[in-house]
Amino acid sequence: MTGPVQVLVVGFEQPHFSGEVLAELTRLRAAGIVNLLDVLVVTREADGHLETVTPPPGELPEDSGRLAAALLGAADGSADGAASTASAKEHGQWSLADAVPIGTTAAVALIEHTWAEPLRAAVARSGGAPLEETWLAREDSERLQSLLADHAPG
Amino acid sequence: MLLVPRQLRRAGLTGDVPYYGGRFTPAQAYAASHPSASAPAAPPSGSLGRTVVPEAAKPARSPEDTLRTLERLREDGVITPEEYDDLRSRTAT
């Protein structure tokens with residue numbers, strides 16, 4: 001594993017991970033763009049605690065979720081898996097408890113962006129320091145699209 | 001199976017993007033220290049991401065308040081006596 005890893009948390013009304021999403025991630029993996037490392041399904045109970053969910057047969061590999069569960073949580077309830085605190089948030093930390101609302105189910109995907117490693121290495125070699133990274137909101141993307149159309153040659 | 005969530009650090013795709021958690025970002029610090037200056041490269045209203053504070057939202061300060069603040073900054077050693085005289089002369093005008 002060499003590329004930066006994204007944690008994508010997607011909420012669902014029902015505990016399943018769309019086959020369509022998996023198919024798209026498989027296509028991107030074949031193209032050498034991303035690598036789906038693992039998918040974990042969790043549900044947040046009414047009392048706030050998180051439970052891992054065994055996905056329905058056929059939707060995900062049988063051992064799916066073990067890697068993500070070990071990374072994102074402490075299944076045995078050890079001290080390292082302490083719940084979110086104000087201090088942790090102040091230091092820019094996060095946890096699944098911050099992301100998954102009570103009473104909902106979420107699929108948590110670990111996605112390695114293999115395409116980004118050369119870019120990250122180039123930034124480091126050039127002595128650059130990342131100052132901000134974000135994604136454009138849909139309305140700003142639409143505005144950008146309009147600007148691109150306005151500046152298109154011809 | 002019960003899963004106790006672990007706290008994880010955030011990072012960006014190209015490296016560790018600084019997290020300002022409740023503190024001023026460099027842009028906010030610049031704006032706070034240059035209240036009368038135009039925001040650098042301020043985009044037009046409604047453009048990407050930047051929040052422009054309306055002029056009317058800034059609290060009005062009397063010359064007396066400004067002088068008291070300058071005196072406190074001088075006494076605390078934040079500004080030199082020369083800077084104090086300079087800023088005071090600007091306040092008077």
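Residues numbered from 1 in each chain as written. Chains lettered and ligands numbered in written order. Predicted model: local features only at pLDDT ≥ 70, side-chain atom pairs only at ≥ 80, totals over all residues.

(A) Fine view of the overall build of chain A. Along the backbone of chain A there are 6 helices and 6 strands. In chain A, the succession of α and β elements from N to C terminus is β-α-β-β-α-β-α-β-α-β-α-α. Counting across all 154 residues of chain A, residues that qualify as buried make up 16%. Long-range contacts, defined as pairs at least 24 residues apart, comprise 74% of the intrachain contacts of chain A with a sequence gap of at least 6. (Helix = DSSP H or I, 4+ residues; strand = E, 2+ residues; numbered from the N terminus. Buried ≥ 20, exposed ≤ 12 C-beta atoms within 10 Å, placed from the backbone. Contact = placed C-beta atoms within 7 Å.)

(B) Structural view of the overall build of chain B. Scanning chain B from N- to C-terminus turns up 3 helices and 2 strands. Ordered by position in the sequence, the α and β elements of chain B form the string β-β-α-α-α. Evaluated residue by residue, chain B yields a buried proportion of 6% over its 93 residues.

(C) Summary view of the environment of P81(B). For P81(B), the position within the fold is in helix α3 (residues 81-92). The sequence separation of P81(B) and E71(B) amounts to 10 residues, and the corresponding C-alpha distance is 9.4 Å.

(D) Looking closely at the confidence of the model for chain A. Summing up the model confidence of chain A, the mean pLDDT is 83 and the portion of residues at 70 or higher is 84%. Counted against residues more than four places away or in other chains, residues 79-84 of chain A, with its pLDDT under 50, gives 14 contacts. (pLDDT = per-residue confidence, 0-100.)

(E) Summary view of the nonpolar core. One finds V39(A), L40(A), V42(A), A68(A), L96(A), A107(A) and V108(A) to be the most contacted residues of the largest nonpolar core, which totals 19 residues. For this core, the element with the highest residue contribution is strand β6 (residues 105-112) of chain A, accounting for 5 residues. (Core = buried A, V, L, I, M, F, W, Y, C linked by C-beta atoms within 7 Å.)

(F) Representation of the sheet that holds β6(A). Within the open sheet, the 6 strands sit side by side as β1(A)-β6(A)-β2(A)-β3(A)-β1(B)-β4(A). Their pairing is antiparallel. Taken across any chain shown, the strands that pair with only one partner, and hence form the sheet edges, are β1 (5-12) and β4 (73-74) of chain A. In this sheet, β6(A) lies alongside strand β2 (residues 35-44) of chain A in antiparallel orientation, the contact comprising 8 bridges. Each residue of the ladder has a partner; that of L36(A), found in β6(A), is I111(A). (Pairing = 2+ DSSP bridges.)

(G) Looking closely at the confidence of the model for chain B. Residue and element names in this part refer to chain B. Within chain B, residue pLDDT values average 69, and 52% of them lie at 70 or more. Per-element averaging of pLDDT across chain B places helix α1 (residues 26-33) at the bottom with 66 and strand β1 (residues 2-5) at the top with 90. Low pLDDT, under 50, characterises residues 42-57; the predicted model gives this stretch 7 contacts beyond four residues in sequence or across chains. For this predicted complex, the interface confidence score (ipTM) comes to 0.70, while the overall pTM stands at 0.63.

(H) Representation of the environment of L25(A). Residues and elements named next belong to chain A. Mapped onto the secondary structure, L25 falls in helix α1 (residues 19-30). Sequence separation between L25 and L36 is 11 residues, and the spatial gap between their C-alpha atoms is 6.7 Å. Excluding residues within four positions of it along the chain, L25 makes contact with V34 and L36.

(I) Structural detail: the pairing of β2(A). Residues and elements named next belong to chain A. As defined by bridge partners, β2 adjoins strand β3 (residues 50-52) across 3 bridges and the pair is classed as antiparallel. From the neighbouring strand, V42 faces β3, where its bridge partner is T52. The hairpin turn running from β2 into β3, its antiparallel successor, is 5 residues long, and G48 in that turn takes a positive phi close to 100 degrees.

(J) Summary view of α1(A). All names here are of chain A. Between its terminal C-alpha atoms α1 stretches 16 Å, which fits the 16 Å expected from 12 residues at 1.5 Å a residue. For α1, the buried fraction is low: 0 of the 12 residues fall into the buried class. Just downstream of α1 lies G32, where phi reads positive at about 75 degrees. (Expected span 1.5 Å × (residues − 1).)

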